[in-house]
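Reading the structure
Letter by letter, the chains look like this.
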Amino acid sequence: MSIPSAGIDPGAVEKLRARFHGALLRPGEDGYEEARRVWNGEIDRRPGLIARCAGPDDVALAVRFARERDLAVSVKGGGHAVAGYAVCDAGLMIDLSLMKAVRVDTATRTARAAGGLLWSELDRATQSQGLATVGGVISHTGVAGLTLGGGLGHLMRKHGLTVDNLRAVDLVTADAERLRVNAASEPELFWGLRGGGGNFGIATAFEFQLHGVGPIVLGGPIFWKLSDAPDVLRFVREWAPTAPDDLGITLFARLAPPNPFLPPEHYGKPIVGMLLVWAGDPASGQKAIAPLRAIATPIADVVRPVPYLFLQGIFDGGAPHGIHYYWKSHRLPRLTDEVIDAVVQRVESITSPLSQISGWAVGGAVSRVPRDATAVGEREVGFELNIIAAWPPVDPEPLRHKTWVRDGWEALKPHSVGVYTNFLSDEDAAFVRSAYGERLARLTALKDRYDPGNFFSMNANIAPSAAGAAPKSIR
């Protein structure tokens, strides 16, 4: 495993610069401070060198440079992991954010997306043709990280997870080898890349299957007072597992923001809500969601025909870059009364107006994919629940927000059956095992084959086994 370097030889950097097409940034140089920043403002690490790659050749050069010097390495796509995996201290940060190429093929309904693309950028390209793939609920999330971890999204109940729509990956391995990985060329590695995160290499491009979506779809949020949460969530636990595949269901509970969707008298008061996205015929969608409108008395109902792009970015305002974040998550098979009580109690004791609990109803096409088809963990019908603390950088008592998350996470732990890989934060190796379950042995064998020295360790790490082969030399 590489260790942080106390310093990177400036002469070596200059030699690399002569062959490198992108930008190489050292501390103190123009652009360095901006490039080292990631979404979570609490992450404040300082790489010894940032390699802003212009293409896969640059990525391979950067890997060789780090391997030859035993540097710690991090890889930045969108930089959206709450743990700040994208940025290391003292070592080499391999930054893909300049790699923005995207190509849509309407004949085959596929898209090729470079490793530095954000979901908003991919969505704009595909939606110009009335197409989309499954991906994300925050539009400034990176395509690469979300995909490699599995990929939740508004369309998943109809079209599966993001990895279920992945057709190929261009990969640079720990040996600086460039591979085209798909079900025919490298079936076992392709299996591992669909859920195994950044453990096996750097994904420089993805090929996705697209589907006809929008550009206008039926969707939007419905809000209720928190006092109605028990009725709302009990209804959802019985209704969501058999809801039509066309319906994406995202849950949230928080203090009401000063949002034009909401009556001003509810600002700052606790609420529960759902964001609904219907990917089928709008008239059928109105009938499908009618039972939700009959629960208690919503304080606002904003479900209507809107651009799909609008719904993909509707949560962006609640997740800005630069504020501080901390979260913990559980996969729950059912919203039991005890779970519902714990959710309500967390919102009643919330410590920041920026914090929230988010959830996703999993089922439909996601749960019909065989368990062993990809490396993704739990696929069965159930709910992902994420307790998210957020606070401004100037907050004098950040620990209280983390304690709020941890206490809620502990309360839900007896009801948990695992955790979604992309929602891991500061958990130990036991929770990586929990995320992958019985798939971990197969993933460890892949790690032994493609990265036995754990060169790619800034991630939800799958450690190589003691029996793994020694790293290959780089020539």
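Everything below is about the structure printed above this text.
Keep in mind that this is a model prediction, so the values were computed, not measured.

Some points on the overall build of the protein
Each helix and strand in the protein was counted, giving 15 helices and 19 strands. Its C-alpha atoms give the protein a radius of gyration of 22 Å, near enough to 23 Å, the size a compact globule of 475 residues would have. With the C-alpha coordinates aligned to their principal axes, the bounding extent of the protein is approximately 70 × 55 × 40 Å. Scored against the burial criterion, the 475 residues of the protein give a buried share of 59%. Sequence-distant contacts, at least 24 apart, represent 73% of the contacts inside the protein between residues at least 6 apart. Accessible surface, the protein: about 18,000 Å² in total, of which carbon and sulfur atoms supply 55%. Taking the average place of the 50 positive charges on the side chains of the protein and the average place of its 51 negative ones, the gap between the two points comes to 3 Å.

Notes on the sheet that holds strand β4 (residues 92-95)
Ordered by their spatial adjacency, four strands build an open sheet running β1-β2-β4-β3, and the pairing between neighbours is mixed. Whereas interior strands pair on both sides, the edge strands pair on one side only; in this sheet they are β1 (23-25) and β3 (73-76). Sheet twist, expressed as the average angle between the axes of neighbouring strands with direction ignored, equals 15°. Examined bridge by bridge, strand β2 (residues 49-52) and β4 share four bridges and lie parallel to one another. Looking at the pairing, alanine 51 lines up with isoleucine 94 of β4. Where helix α3 (residues 56-69) meets the sheet, its contacts fall on β2, β3 and β4, and the angle it forms with β4 comes to roughly 170°.

Here we look at the pattern of salt bridges
Enumeration over the complete set of coordinates arrives at 34 salt bridges. A salt bridge links lysine 402 to glutamate 42; the nearest nitrogen and oxygen atoms lie 2.9 Å apart. Of this pair, lysine 402 sits in helix α13 (residues 398-412) while glutamate 42 sits in the loop between α2 (32-36) and β2, and the two are 360 residues apart along the sequence. A salt bridge links arginine 331 to glutamate 384, with the nearest nitrogen and oxygen atoms 3.7 Å apart. On the criterion of sequence distance, the pair formed by arginine 331 in strand β17 (residues 324-332) and glutamate 384 in strand β19 (residues 382-391) is long-range, its members being 53 residues apart. What makes glutamate 384 buried here is its relative accessible area of 4%.

So, the side chain of threonine 110
Looking at the secondary structure, you find threonine 110 in strand β6 (residues 110-114). Excluding residues that lie within four positions of it along the chain, threonine 110 makes contacts with Arg103, Val104, Asp105, Glu207, Phe208, Gln209 and Leu210.

Focus: helix α1 (residues 10-17)
Think of an α-helix as 3.6 residues a turn; residues three or four steps apart then line up on the same face. Considered for burial, the residues of α1 that qualify are Ala12, Val13 and Leu16. Seen along its axis, α1 keeps its buried residues to an arc of 100°; they face one direction. In this fold, the buried residues of α1 make contact with β1, β2 and α3.

Structural notes on the packing of helix α8 (residues 229-239) against helix α11 (residues 337-348)
A pair of packed helices is captured by two measures, namely the crossing angle of their axes and the spacing between those axes. Where α8 meets α11, the axes come as close as 10 Å, and the angle between the chain directions of the two elements is 140°. By the criterion of interaxial angle, the relationship of α8 to α11 is oblique. Here α8 runs over α11; the crossing is right-handed. Facing α8, whose interface residues are Ala229, Pro230, Leu233, Arg234 and Arg237, α11 presents Asp337, Ile340, Val343 and Val344.

A few points about unusual backbone geometry
Note that the residue after glycine 214, namely proline 215, is joined by a cis bond; omega there is 10°. Note on placement: proline 215 falls in the loop between β11 (211-212) and β12 (216-225). Despite not being glycine, aspartate 70 shows a phi value in the positive range, around 55°. Residue class for aspartate 70 comes out partly exposed when judged on its relative accessible area of 40%. Backbone geometry places alanine 176, a non-glycine residue, at a positive phi of 65°. Within the fold, alanine 176 resides in the loop between β8 (166-172) and β9 (178-181). Exposure remark for alanine 176: the relative accessible area of 9% places this residue in the buried category.

Some words on the packing of α1 against α3
One can describe the packing of α1 onto α3 by two numbers: an axis separation of 11 Å at closest approach and a directional angle of 155°. Taken together, the axes of α1 and α3 lie roughly antiparallel to each other. Of the two elements, α1 crosses α3, and the hand of that crossing is right-handed. Within the contact between the two elements, α1 uses Ala12, Val13 and Leu16 and α3 uses Leu61, Phe65 and Arg69.

Focus: the environment of leucine 193
By the element assignment, leucine 193 lies in helix α7 (residues 187-193). Among the residues examined, leucine 193 registers a relative accessible area of 0% and is labelled buried. Sequence-wise, leucine 193 and leucine 443 are 250 residues apart; in three dimensions their C-alpha atoms are separated by 9.4 Å. Not counting chain neighbours up to four residues away, the residues in contact with leucine 193 comprise Leu148, Val169, Leu171, Val181 and Phe200.

Overview of the pairing of strand β10 (residues 202-209)
Counting buried positions along β10 yields seven of eight residues, so the element is predominantly enclosed. With five bridges joining them, β6 and β10 adopt antiparallel strand pairing. Looking at the pairing, alanine 114 lines up with alanine 205 of β10. Examined bridge by bridge, β8 and β10 share six bridges and lie antiparallel to one another. Looking at the pairing, aspartate 170 lines up with alanine 205 of β10.

Cut-offs used in this document
Residues numbered from 1 in each chain as written. Predicted model: local features only at pLDDT ≥ 70, side-chain atom pairs only at ≥ 80, totals over all residues. Heavy atoms only, no water. Helix = DSSP H or I, 4+ residues; strand = E, 2+ residues; numbered from the N terminus. Rg over C-alpha atoms; globule rule 2.2 N^0.38 Å. Buried < 20%, exposed > 50% of the residue type's maximum accessible area, 1.4 Å probe, protein only. Contact = heavy atoms within 4.5 Å. Areas by Shrake-Rupley, 256 points an atom, 1.4 Å probe, with all protein chains shown as cover. Lys, Arg positive; Asp, Glu negative; His and termini not counted. Charge placed at Lys NZ, Arg CZ, Asp CG, Glu CD. Pairing = 2+ DSSP bridges. Axes fitted to C-alpha atoms, helices over the stretch in contact; angles between N-to-C directions. Salt bridge = Lys/Arg side-chain N within 4 Å of Asp/Glu carboxyl O. Arc of directions from axis to C-beta. Parallel < 35°, antiparallel > 145°, perpendicular 65-115°, else oblique. Left-handed = near helix turned anticlockwise from the far one by under 90°.

The values are spatial; any link to function lies outside them.
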